[in-house]
Amino acid sequence: MDISSLMGFDPLLRNLHHILEATDDNTTGNKSNNSGPSRAYVRDARAMAATPADVKEYPNSYVFIVDMPGLKSGDIKVQVEDDNVLVISGERNREEEKEGVKYVRMERRIGKFMRKFALPENANTDKITAICQDGVLTVTVEKLPPPEPKKPKTIQVQVA
């Protein structure tokens with residue numbers, strides 16, 4: 001079974017595959033039409049595809065868990081855009097090369113990473129905490145309290 005048949009079931013995967021193929025064509029010198037996605041869009045799509053995350057919902061909060069091995073808290077940025085989009089981003093740089101040392105194999109990912117999450121309406125964007133411990137980033141978004149139920153309004157009936 002070939003990968004394209006698997007992607008036929010998921011439009012997001014099909015679009016991502018198309019974007020990555022278009023980027024590979026551009027980097028190998030094959031000029032494709034300019035109606036494709038911008039470089040920034042492709043860069044962001046690759047960064048998002050390479051940053052897996054878990055999302056949990058608790059009774060009073062939403063928790064986003066992202067593995068960030070080898071990163072310091074200063075290398076990670078957590079922001080809220082457009083009042084309801086949580087953005088986790090940063091960059092992992094390559095270690096400085098020492099003289100006389102060369103890589104035999106390089107498998108650890110370097111470069112930019114990013115994830116965007118649309119927050120639900122009951123997310124309190126004023127109460128967000130982010131903790132990075134042992135290479136795991138945990139972002140907690142508190143929920144707004146549920147609205148109080150409206151009390152029925154009683155109208156006095158007058159005799160005419």
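Cut-off values and rules
Residues numbered from 1 in each chain as written. Predicted model: local features only at pLDDT ≥ 70, side-chain atom pairs only at ≥ 80, totals over all residues. Heavy atoms only, no water. Helix = DSSP H or I, 4+ residues; strand = E, 2+ residues; numbered from the N terminus. Buried < 20%, exposed > 50% of the residue type's maximum accessible area, 1.4 Å probe, protein only. Contact = heavy atoms within 4.5 Å. pLDDT = per-residue confidence, 0-100. Pairing = 2+ DSSP bridges. Axes fitted to C-alpha atoms, helices over the stretch in contact; angles between N-to-C directions. Salt bridge = Lys/Arg side-chain N within 4 Å of Asp/Glu carboxyl O.

Draft legend 1. Representation of the overall build of the protein in the model. A tally of regular secondary structure across the protein gives three helices and seven strands. In the protein, the succession of α and β elements from N to C terminus is α-α-α-β-β-β-β-β-β-β. Per-residue burial for the protein yields a buried fraction of 23% across its 160 residues. Across the protein, every contact between residues at least 6 apart in sequence was considered, and the portion connecting residues at least 24 apart equals 50%.

Draft legend 2. Quick look at the confidence of the model for the protein. Looking at the protein, pLDDT values average 77 and 71% of them are 70 or higher. Within the protein, strand β7 (residues 136–143) carries the highest mean pLDDT (95), whereas helix α1 (residues 3–7) carries the lowest (41). Between residues 1–10, whose pLDDT stays under 50, and residues either more than four places distant or in other chains, the model counts five contacts. Contacts from residues 23–32, a stretch scored under 50 in pLDDT, to residues over four places away or in other chains number six contacts.

Draft legend 3. Seen up close, the sheet that holds β7. Across the sheet, which stays open at both edges, the four strands sit in the order β1-β2-β7-β6 with antiparallel pairing between neighbours. Each edge of the sheet is formed by a strand with only one pairing partner; in this case those strands are β1 (53–57) and β6 (123–133). Going from strand to strand, the sheet's axes swing by 15 degrees on average, the running direction of each strand aside. Relative to strand β2 (residues 61–67), β1 is paired through five bridges, and the arrangement is antiparallel. Bridged to V55 within β2 is F64.

Draft legend 4. Representation of the side chain of N124 in the model. Checked against the element boundaries, N124 lands in strand β6. Residue classification places N124 among the buried positions, given a relative accessible area of 15%.

Draft legend 5. Seen up close, the pattern of salt bridges. Inspection of every chain in the model, using the stated rule, returns two salt bridges. For the salt bridge of K143 with E57, the shortest nitrogen-to-oxygen distance reads 2.6 Å. Separated by 86 residues along the polypeptide, K143 in strand β7 and E57 in strand β1 bring together distant segments of the chain. On the accessibility criterion, K143 (16% relative accessible area) is buried. The partner of E81 in a salt bridge is K116, and the shortest N-O contact between them spans 3.8 Å. With E81 in strand β3 (residues 76–81) and K116 in strand β5 (residues 111–118), this pair connects stretches of sequence that are 35 residues apart.

Draft legend 6. Structural view of the environment of L144. Inspection of the secondary structure puts L144 in the segment after β7. The partly exposed category is assigned to L144, whose relative accessible area is 38%. Residues L144 and T125, 19 residues apart in the sequence, show an inter-C-alpha distance of 9.0 Å. When sequence neighbours within four positions are dropped, the list of residues in contact with L144 reads E121, N122, A123 and N124.

Draft legend 7. Region of the structure containing the pairing of strand β4 (residues 85–92). Of all eight residues that make up β4, seven are buried, and the element is covered over most of its length. In the sheet, β3 pairs with β4 via six bridges, with the strands oriented antiparallel. In the sheet register, Q79 faces β4, and the bridge partner there is V87. What sits between β3 and β4 in their antiparallel hairpin is a turn of three residues, with D82 showing a positive phi close to 50 degrees.

Draft legend 8. Here's a closer look at the pairing of β7. Of the pairings in the sheet, the one linking β2 to β7 comprises seven bridges and is antiparallel in character. Paired with V63 across the bridge in β7 is T140. Pairing of β6 with β7 involves seven bridges; the strand directions are antiparallel. Residue pairing across strands places A130 opposite V139, the latter belonging to β7. Counting the residues in the hairpin turn of β6 and β7 gives two residues, including D134, whose phi is positive at 55 degrees.

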